[in-house]
Amino acid sequence: MNPSKNSRGAAKWALLSLAIGSFGIGMTEFVMMGLLPQIAQDLLPDLWQTSREGAIAQSGVLISLYALGVVIGAPTIAGLVARFPRHRVMIGLALALTVFNALTVVLPSFGLVGASRLLAGLPHGAYFGIGALVAADVLGPGKRAKGVAFILTGLTIANVVGVPLGTYLGQQWGWRSAFMVVTVVFALATVCIAKFVPKHPGDAGRTLRSELGVFRVGQVWLTLGIGAIGFGGFFAVYSYVAPLVTEVAGSPEWAVPIVLVIVGLGMTVGNLLGGYLADRDLRLTLLLGMAGLAVVLGMLALLSFQIVLLAALAFAVGLVSSVLSPAIQTRLMDVAGDNQSIAAAMNHSALNIGNSLGAFLGGAVIAVGWGFTAPAWVGAVLAVIGLAITAFALRVERVAVAL
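Residues numbered from 1 in each chain as written. Predicted model: local features only at pLDDT ≥ 70, side-chain atom pairs only at ≥ 80, totals over all residues. Heavy atoms only, no water.

Student: When you look at the nonpolar core in this model, what are you seeing that I'm missing?
Tutor: Counting residues in each nonpolar core, the largest one holds 105 residues, and the members touching the most others are Leu 18, Phe 30, Tyr 127, Phe 234, Tyr 238, Leu 293 and Leu 300. Tallying contributions element by element places helix α1 (residues 8-34) first for this core, with 11 residues. Once residues within four sequence positions are removed from consideration, Phe 30 is found in contact with Leu 155, Asn 159, Val 163, Phe 235, Tyr 238 and Met 267. Counting residues in each nonpolar core, the second largest holds 10 residues, with Val 214, Leu 224, Ala 343 and Met 346 among its members. (Core = buried A, V, L, I, M, F, W, Y, C linked by side-chain atoms within 4.5 Å. Buried < 20%, exposed > 50% of the residue type's maximum accessible area, 1.4 Å probe, protein only. Helix = DSSP H or I, 4+ residues; strand = E, 2+ residues; numbered from the N terminus. Contact = heavy atoms within 4.5 Å.)

Student: Sorry if this is basic, but what is going on with the confidence of the model for the protein here?
Tutor: Low pLDDT means the predicted atomic positions in that stretch should not be read closely. For the protein, per-residue confidence averages 84 on the pLDDT scale, and 89% of positions sit at 70 or higher. Long-range and interchain partners of residues 1-6, a stretch whose pLDDT sits below 50, account for 14 contacts in this model, where long-range means more than four residues apart. (pLDDT = per-residue confidence, 0-100.)

Student: Looking at this structure, how should I read helix α16 (residues 307-335)?
Tutor: In an α-helix, one turn spans 3.6 residues; hence positions three or four apart end up facing the same way. Compared with the 42 Å implied by 1.5 Å per residue over 29 residues, the 42 Å span of α16 between its first and last C-alpha is a close match. Among the 29 residues that make up α16, 22 are buried, leaving the element largely enclosed by the rest of the structure. Measuring from the side-chain oxygen of the N-cap residue of α16 to the backbone nitrogen of Val 308 gives 2.8 Å; that N-cap residue is Gln 306. Positive backbone phi, approximately 65 degrees, marks Gly 337, located one or two places after α16. (Expected span 1.5 Å × (residues − 1). Polar contact = N/O pair within 3.5 Å; in protein donor to acceptor, adjacent residues only side chain to side chain.)

Student: Sorry, what's going on with the packing of helix α5 (residues 86-106) against helix α6 (residues 110-121) here?
Tutor: For any two helices packed against each other, one specifies the crossing angle of their axes together with the interaxial distance. Put simply, α5 and α6 touch, their axes get as near as 8 Å, and they point 165 degrees apart. By the angle between their directions, the pair α5 and α6 is classed as roughly antiparallel. The element α5 and its partner α6 pack so that their crossing is left-handed. Residue-level inspection shows Leu 97, Phe 100, Asn 101, Leu 103 and Thr 104 of α5 in contact with α6, the latter providing Val 113, Ser 116, Arg 117, Leu 119 and Ala 120. (Axes fitted to C-alpha atoms, helices over the stretch in contact; angles between N-to-C directions. Parallel < 35°, antiparallel > 145°, perpendicular 65-115°, else oblique. Left-handed = near helix turned anticlockwise from the far one by under 90°.)

Student: Before we go on, may I ask you to explain the layout of surface pockets in this structure?
Tutor: Rolled over the atoms, a probe sized like a water molecule indicates the empty space that remains. Its boundaries defined by the atoms lining it, the largest pocket holds a volume of some 230 Å³. Lining the largest pocket are 15 residues; nearest its centre among them are Pro 37, Trp 48, Ile 56, Thr 246 and Glu 247. Among the elements of the structure, α2 (36-43), α4 (52-81) and α13 (241-248) are those that each provide at least two residues to the lining of the largest pocket. No other element matches α13, which puts 4 residues into the lining of the largest pocket. Its residues assigned to classes, the lining of the largest pocket comprises 7 nonpolar, 4 polar and 4 charged. (1 Å grid on protein atoms, 1.4 Å probe; cavity = no way out; pocket = protein on both sides within 12 Å on 5 of 7 lines; lining within 4 Å. Points joined across faces, edges and corners; volume = space filled by probe spheres on them. Nonpolar A, V, L, I, M, F, W, Y, C, P; charged D, E, K, R; others polar.)

Student: What am I meant to see in a nonpolar patch on the surface here?
Tutor: Where nonpolar side chains cluster on the molecular surface, the patch consists of Val 295, Met 299, Leu 302, Leu 303, Leu 309 and Trp 377 and spans about 540 Å² of accessible area. Element by element, the count of residues in the nonpolar patch is highest for helix α15 (residues 282-303), at 4 residues. Inspection of the secondary structure puts Leu 302 in helix α15. (Patch = residues over 30% accessible without salt bridge, like charges linked within 9 Å, V, L, I, M, F, W, Y side chains within 5 Å. Areas by Shrake-Rupley, 256 points an atom, 1.4 Å probe, with all protein chains shown as cover. Salt bridge = Lys/Arg side-chain N within 4 Å of Asp/Glu carboxyl O.)

Student: Explain α15 to me, please; I cannot follow it from the model alone.
Tutor: Between its first and last C-alpha, α15 extends 31 Å over 22 residues, near the 32 Å set by a 1.5 Å rise per residue. Of all the positions in α15, only Leu 282, Thr 285, Leu 286, Gly 289, Met 290, Leu 293, Ala 294, Val 296, Leu 297, Gly 298, Leu 300 and Ala 301 are classed as buried. Taking the backbone nitrogen of Arg 283 as reference, a side-chain oxygen 3.4 Å away marks Asp 281 as the first, capping residue of α15.

Student: Sorry if this is basic, but what is going on with empty space enclosed by the protein here?
Tutor: Summed over the entire model, instances satisfying the criterion amount to 4 cavities of 30 Å³ or more. Lining of the largest cavity is provided by 16 residues; of these, Phe 30, Leu 155, Phe 231, Ser 325 and Leu 351 occupy positions nearest its centre. Sorting the residues of the lining of the largest cavity by element identifies α1, α8 (144-173), α12 (232-238), α14 (255-280), α16 and α17 (340-367) as the ones contributing at least two each. The computed volume of the second largest cavity comes to approximately 70 Å³. Lining the second largest cavity are Phe 234, Val 237, Tyr 238, Val 241, Leu 244, Val 263, Leu 300, Leu 310, Ala 314 and Val 317.

What follows is the structure, encoded as structure tokens:
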């Protein structure tokens, strides 16, 4: 049964079910960033006593491990399951996300929690990639970027509701309480996908070997570079938003969830705007989006000492970065040819390389004593490099077409 032929109501329920899972992914990926001080104090108590900055920077490794799981899992899982019915694959991925996040709740040490974060990241890219294909089919031809944006809407709404709520819960009742909520969300998503997502065939002729042929396409590598390096600028800042609010702007701890809500609102608006703009002019959206990200990150580094300006620029950073998400996803699908499953998933590998890179570099400049505004400068530099890669990729494409 082709989802594009379903009734409008059935299609909405199918998309909503997928969005619940993406909400859970947004929450599990980003809630840790607002709870790094609590996690550092709980899991690294000795280091916390001697150096809070060092403990927070080391806790950033948990963010990088999750991102590494995405990078590993996206191409391998997407390639392995390409031939299977997509609705069944989505059920399996949602169930795996439920189990692995439950491990984060119960495992006792820093090392074991790190292992659970790596496992929790494995299904992330395949869930979004295959879910994006289903969503695009539901919405029909000419609306691929809007379909991609819809499946990402759960992630951006998570940054408006789920992440701030999880941050508040973590501050009040321990950081593990946030991941209890995440586990419940994924359990709900598993049930809803099983009930509402219609049968959606895979491609019986696809194999992991054939899917991996996507890596022979030069434009795929360039597009992955745009996401991995350019989008790393966002994560360099977002990973350390809690100390930016409390240590730089001098605001109380309760202000952190409020700033996270503001970032999430920007991401939600940017995601919807990005889907519309990418369907109209994909190339221009990529160029202006990456340039805009570099500018707002630079402004954040200069003006984050005042909480109102910090909040306004946090909204701008969320908006501009999320404009890029559906554009990068759609371009990967454009340049990948027949390898749609793995290409759609690889977008999230790229973004989570950016997540890992941004968190690592942001933590590194904090650890050497450059202060909590230094990650914003790192982010601006990464965005400029991303802009250069974008311009180069589009130029190479124009030359190839001309020949």
